Structure formats: C-alpha cells, structure tokens
Amino acid sequence: IISVPETMNNNFDLISFPNPFSNHTSVSYTLQESMQVEINVYDMMGKKVAELEKTNRSAGKHQLNWNADNLPAGIYNLEMNAGGTIANKKLVLIK
C-alpha cells in the first residue's frame, strides 16, 4: 500500500468520528461533483478488512457508519478513491 499524505484528505474533507473509536465510527466526505466512490478499510498488513462503499455518488456531503465489532483493536487505514483521486485516513480501533 502506498501511503498518501494526510493533506490529500482536504480534497474530500474525509473525516472519521470518533477516532479513536470502539466498534463504531462514522465516516463523512464531500464531493464537488458526481463520481464513482470506493471506500475500503485495510489492516496494517495491507489486507482489505472491509468494503464500506462502492457506488456512484452525487455532489455534496455524504455519511456512512462502520461497525468494526468483528475486528481486533489496532490501527487501520481508511482509503477513499473518488474519480481516480485517493485519500487516506488512519483509524484507531480500541476495545
């Protein structure tokens, strides 16, 4: 996995709250125009552990919830690919 600097997140205002979180977190982002969006979560070994979204979205603010009950505590990488631009966010899951 290639890490993208946190500053790239400003393209979509990618936010996860709360973070750190215990089992559930809310992910929000903003699109300037309609486009294909794919949001996945990876563990520190680069293995995909969750596919949160893979769909076309309209311009505007969007929000989704992630339930990580089945995963162990640790650091995860939230990756958003929208229109070929990638943004990353570190998530800290505590149990």
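For the structure, check the block above.
Here we summarise the structure given alongside this text. (Residues numbered from 1 in each chain as written. Predicted model: local features only at pLDDT ≥ 70, side-chain atom pairs only at ≥ 80, totals over all residues. Heavy atoms only, no water.)

**Regarding unusual backbone geometry**
Glycine aside, residues mostly have negative phi angles, and peptide bonds mostly take the trans form. In this structure, P18 follows F17 across a cis peptide bond, with omega equal to -5°. Within the secondary structure, P18 sits in the loop between β1 (15–17) and β2 (24–31). A cis amide bond links N19 with the next residue in sequence, P20, at an omega value of 10°. Along the polypeptide, P20 turns up in the loop between β1 and β2. Even without a glycine there, the phi angle at D13 is positive, about 50°. Locating D13 in the fold gives a position in the segment before β1. Unusually for a residue other than glycine, N23 sits at a positive phi of about 80°. For N23, the location among the structural elements is in the loop between β1 and β2. (Helix = DSSP H or I, 4+ residues; strand = E, 2+ residues; numbered from the N terminus.)

**Here's the deal with the sheet that holds β1**
Reading across the sheet, the three strands line up as β1-β2-β5 and stay open at both edges, with antiparallel pairing between neighbours. Each having just a single partner strand, β1 and β5 (60–67) make up the two edges of the open sheet. Going across the sheet, the axis of each strand differs from the next one's by a mean of 20°, ignoring polarity. (Pairing = 2+ DSSP bridges. Axes fitted to C-alpha atoms, helices over the stretch in contact; angles between N-to-C directions.)

**Thoughts on the sheet that holds strand β6 (residues 74–82)**
Taken in spatial order, the four strands make up an open sheet running β4-β3-β6-β7, and their pairing is antiparallel. Either end of the sheet is taken by a strand with one partner, and the two such strands are β4 (48–57) and β7 (85–93). Here the average twist between neighbouring strands, direction ignored, is 15°. Pairing between strand β3 (residues 35–42) and β6: six bridges, direction antiparallel. Within β6, the residue paired with E38 across the bridge is N81.

**Re the environment of S34**
With respect to the helices, strands and loops of the structure, S34 is situated in the loop between β2 and β3. Each C-alpha atom, one on S34 and one on R57, is 5.5 Å from the other, the two residues being 23 residues apart in sequence. Other than its neighbours up to four places away in sequence, S34 contacts R57, S58 and A59. (Contact = heavy atoms within 4.5 Å.)

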